[in-house]
Amino acid sequence: MATATLTLFLGFLALTSTLSFNAEARPQPCDEDLGIVIGPHTTFEDDLGTVIGPEEGEPQVNLDDDELGTIIGPEFEVHKSDFPDDFIFGTSVSAYQVEGAKKGSGRGLTTWDEFTHMFPDKVEQRSDGDIGVDFYTRYKDDIKLMKELRTNGFRFSISWTRVLPYGSVEKGVNEEGVKFYDDLINALIADGIQPAITLFHWESPLALEMKYGGFLSEQMVEDFRKFAKFCFDKFGDRVKNWATFNEPSVYSVAGYSKGKKAPGRCSPFEVIKCPSGDSSEEPYRVARNQIFSHVAAVEEFRKCEKCQEGGGKIGIVLVSHWFEPKDPNSCKDVEAARRSLEYQLGWFLRPLVYGQYPKEMLEGTTSRVEAFTPEESQRLRGSLDYVGINYYGAFFSTPLTNVNSSQISYHSDMRVNWTVDQNHSPHLKSTAMGIVIYPAGLMNLMRHIKDEYMDPEIYIMENGMDELDDGTKTVEESLKDYGRKEFIKSHILIMGKAIRMYNVRLKGYFIWSLMDNFEWEKGYKIRFGLYHVDFDDNMKRYMRSSGKWLSEFLDSKETLHKCYFEGHREKGYAPKLSDREIYDRDNWRIRYTSDVM
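The rules behind each value
Residues numbered from 1 in each chain as written. Predicted model: local features only at pLDDT ≥ 70, side-chain atom pairs only at ≥ 80, totals over all residues. Heavy atoms only, no water. Helix = DSSP H or I, 4+ residues; strand = E, 2+ residues; numbered from the N terminus. Buried < 20%, exposed > 50% of the residue type's maximum accessible area, 1.4 Å probe, protein only. Contact = heavy atoms within 4.5 Å. Areas by Shrake-Rupley, 256 points an atom, 1.4 Å probe, with all protein chains shown as cover. Salt bridge = Lys/Arg side-chain N within 4 Å of Asp/Glu carboxyl O. 1 Å grid on protein atoms, 1.4 Å probe; cavity = no way out; pocket = protein on both sides within 12 Å on 5 of 7 lines; lining within 4 Å. Points joined across faces, edges and corners; volume = space filled by probe spheres on them. Nonpolar A, V, L, I, M, F, W, Y, C, P; charged D, E, K, R; others polar. Pairing = 2+ DSSP bridges. Axes fitted to C-alpha atoms, helices over the stretch in contact; angles between N-to-C directions. Core = buried A, V, L, I, M, F, W, Y, C linked by side-chain atoms within 4.5 Å. Disulfide = S-S within 2.5 Å. Left-handed = near helix turned anticlockwise from the far one by under 90°.

Caption draft 1: Quick look at the overall build of the chain. Counting its regular elements, the chain contains 21 helices and 15 strands. Counting only residues that meet the buried cut, the chain has 61% of its 597 residues in that class. Here the analysis covers contacts within the chain between residues at least 6 apart in sequence; of these, 77% occur between residues at least 24 apart. For the chain, the computed accessible surface area is about 23,300 Å², with 50% contributed by carbon and sulfur atoms.

Structure, rendered in structure tokens:
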């Protein structure tokens, strides 16, 4: 009887709404939200999902208090053995952020080379990725660090111009660059670590930018297709996990609407001045060309026989936070949270699953967001073997009330502001970059993807906690990162619950990052690493307490049962993340939301 009751209760949970930050102040639906249709938010009738509601004769679920406690209470335990045998626990990096070796290795120039050297004031401490953390020459030692962590996966990106200096095969191949990735892949596999490759992590070949504008032009689609095919031909016999793009929404908005990241384009009215650009139109054009470039690469991958052998798969990596209303009792704030999720996640995932943009994006922007034709939609649908997600935390949403009609941008189209404060929830913790730490949001996000996007395989490709280092912290202080340790523990706990309670098809978890590195316009001032990098002493690597904990957990020595951050909310105060927390809240280079608004 207890087993039957448990099964019914789990089924009931799958139909309930996701958890709110504040259980005492749940969002109140607008009238028009009643009887919502669950499924793709498109304009096509045949795409509508199933209506959720009571059915006649549906059995009632009754549970004793102690049964509830074992399922959703603090004593719900998660152990490494709860994850599938083929589950990947790994770490992530990207080429420009770690490799270095800009000169003397045959690598061609990228837009980030141009951005950091032509607009150094846009980068914290006027730094760049010319040296990074010297992964190019130290990768063998860094693989030893992965072995110390006991991880079995490593996600990295291929620098397009390291293998094709001018962006195309016709202009020449850098064999030294090809050999570097060959050697890296072979060394990883020899040590039992599965390589996972991202083709594009924001490094656009400068030669193609100068030739036709890079992703502003449809010509980029075919050049990306050829680059992808080149990589599949060279490495596809050994690499079985591929992603086409990393965070294409950030690349489109921060690079072409805000001007905060390379190539640094925006309209004249933006606070961060740009030499040229159009914040109202260019982000959508660049996004569209990335979507078709993704499809082109997938088409080549599915023609590659050796890529298919041994379970090879290809997907895309999208960033998404979890969004909740600033005022859970405000109909407008509830709508703002939904729009935020569609503008960030749905912008790319709906086209690749259902063949069309979210209706929220098509309404009011038809002259700038071009709907896909039926032929294009057919080509887009199903162009994913899995969904990669980068999850760092949450924001609270509220409507953007004042829109200047002469200053149109992605932000004004979304008509939402994000904040770290929610009414009635005063004890939430946000990071140095201003992202609310909310592990339960990852559960909500995975369930949303499962329910809305046909239950795909999911990989968490990035998850980690930032901290600001202004140069005054000692190495010893930096190694005591108990906030990051608890951050990782809490998210692993949530993932275990998602697999056991909701059958989320989660296949891997990659922590950002293996080690501190060049964090784009934040320079080296923001640190994410499981290993501290001492930039004042030959970039020596030191394992932090978070790394030590991870190695012990992966050695099956610890059971997880309580979310550290939820526990502090219950106590009525926000937890400390380190002995000495450093913040620079007014610095736009550090603040995450300045990527968007």
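Caption draft 2: Structural context of the pattern of salt bridges. Inspection of every chain in the model, using the stated rule, returns 56 salt bridges. Of the charged contacts in the structure, one is a salt bridge between K229 and D233, with a shortest N-O distance of 3.0 Å. In this pair, K229 and D233 are both assigned in helix 9 (residues 219-235), four residues apart and thus about one turn of the helix distant. Exposure remark for D233: the relative accessible area of 36% places this residue in the partly exposed category. Close ionic contact of D469 with R527 constitutes a salt bridge, the shortest N to O distance being 2.9 Å. Note that D469 is positioned in the loop between strand 11 (467-468) and helix 18 (475-479) and R527 in strand 13 (residues 526-527), a separation of 58 residues in sequence. In this pair, the class of D469 matches that of R527, namely buried. One continuous salt-bridge network, built from bridges that share partners, spans E467, D469, K473, D481, R484, D516, R527 and R544.

Caption draft 3: Here's a closer look at empty space enclosed by the protein. Considering all chains together, one arrives at six cavities of 30 Å³ or more under this definition. Computed from the structure, the largest cavity encloses a volume of approximately 230 Å³. Residue classes in the lining of the largest cavity are distributed as nine nonpolar, three polar and seven charged. In this structure, the second largest cavity is lined by 14 residues; those nearest its centre are D466, E467, L577, S578 and E581.

Caption draft 4: The arrangement of the environment of V78 in detail. Relative to the assigned elements, V78 resides in the loop between helix 2 (65-72) and strand 1 (88-92). Distance in space between the C-alpha atoms of V78 and L493 is 5.9 Å, their sequence separation being 415 residues. The residues contacting V78, other than those within four sequence positions of it, are F83, I492, L493, G496, K497, T559 and L560.

Caption draft 5: Looking closely at the sheet that holds strand 5 (residues 313-319). Within the closed barrel, the eight strands sit side by side as 1-2-3-4-5-7-10-12. Their pairing is parallel. Each adjacent strand pair in this sheet contributes to an overall mean axis angle of 25°, direction not counted. Bridge count between strand 1 and strand 2 (residues 153-157): three bridges; the pairing is parallel. Paired with S92 across the two strands is R155, which belongs to strand 2. Here helix 13 (residues 331-354) sits on the sheet in contact with strand 5 and strand 7 (386-390), set at roughly 155° to strand 5.

Caption draft 6: Expanded view of the nonpolar core. In this structure, W242, M446 and I492 are the most contacted members of the largest nonpolar core, which totals 163 residues. In terms of residue count, helix 13 provides more of this core than any other element does, 11 residues in total. Core analysis: the next-biggest nonpolar cluster, separate from the first, contains eight residues, A243, Y459, M461 and F510 among them.

Caption draft 7: Here's a closer look at the state of the cysteines. Scanning all chains against the criterion turns up two disulfides. Sulfur-sulfur distance for the disulfide between C266 and C274 comes to 2.0 Å. In this structure the cystine formed by C266 and C274 twists about its S-S bond by roughly 105°; its chirality is therefore right-handed. Using a relative accessible area of 1% as the deciding quantity, one classes C266 as buried.

Caption draft 8: Main features of the sheet that holds strand 9 (residues 416-419). Taken in spatial order, the three strands make up an open sheet running 6-8-9, and their pairing is mixed. Sheet topology places strand 6 (322-325) and strand 9 at the edges, where each strand pairs with a single neighbour. Pairs of neighbouring strands in the sheet enclose a mean axial angle of 40°, with direction left out of account.

Caption draft 9: Spotlight on the environment of W588. If you trace the backbone, W588 turns up in the segment after helix 21 (564-571). W588 gets classed as partly exposed once you look at its relative accessible area, which sits at 23%. The spatial distance from the C-alpha of W588 to the C-alpha of V271 is 10.0 Å, given a sequence separation of 317 residues.

Caption draft 10: Fine view of the pairing of strand 6. Burial along strand 6 is two-sided: W322 and E324 facing one way and F323 and P325 facing the other are all buried. Here strand 6 pairs with strand 8 (residues 394-399) via four bridges, running parallel. Residue W322 lies in a different strand from strand 8, and its bridge partner there is A394.

Caption draft 11: Inspection of the side chain of S249 at higher detail. Tracing the backbone through its elements, the reader meets S249 in helix 10 (residues 248-256). For S249, a relative accessible area of 7% gives the class buried. When neighbours within four sequence positions are excluded, S249 is seen to be in contact with V319, Q344, W347 and F348.

Caption draft 12: Focus on the pairing of strand 15 (residues 540-543). Here strand 14 (residues 531-534) pairs with strand 15 via four bridges, running antiparallel. Residue pairing across strands places Y531 opposite M543, the latter belonging to strand 15. The turn joining strand 14 and strand 15, which pair antiparallel and follow one another in sequence, is formed by five residues; a positive phi near 60° is taken by N538.

Caption draft 13: View of the packing of helix 9 against helix 11 (residues 282-303). Running from amino to carboxyl end, helix 9 crosses helix 11 at an angle of 35°, the nearest separation of the two axes being 8 Å. Note on packing geometry: the crossing formed by helix 9 with helix 11 is right-handed. Facing helix 9, whose interface residues are M220, V221, F224, R225, A228, K229 and F232, helix 11 presents N289, F292, S293, A296, A297, E299, E300 and F301. Its residues placed into classes, the contact of helix 9 with helix 11 shows nine nonpolar, two polar and four charged.

Caption draft 14: Broad picture of unusual backbone geometry. The residue after A262, namely P263, is reached through a cis peptide bond having omega 5°. Along the chain, P263 turns up in the loop between helix 10 and helix 11. Cis rather than trans, the peptide bond between W512 and S513 has omega equal to 10°. Structurally, S513 is set in the loop between strand 12 (506-512) and strand 13. Of note, Q125 is a non-glycine position whose phi angle comes to about 60°, a positive value. Assessed through its relative accessible area of 52%, Q125 is described here as exposed.

Caption draft 15: Summary view of the environment of L530. Following the sequence through the fold, L530 ends up in the loop between strand 13 and strand 14. Since its relative accessible area comes to 0%, L530 is described here as buried. Taking C-alpha positions, L530 is 9.0 Å from L550, a pair spaced 20 residues apart along the chain.

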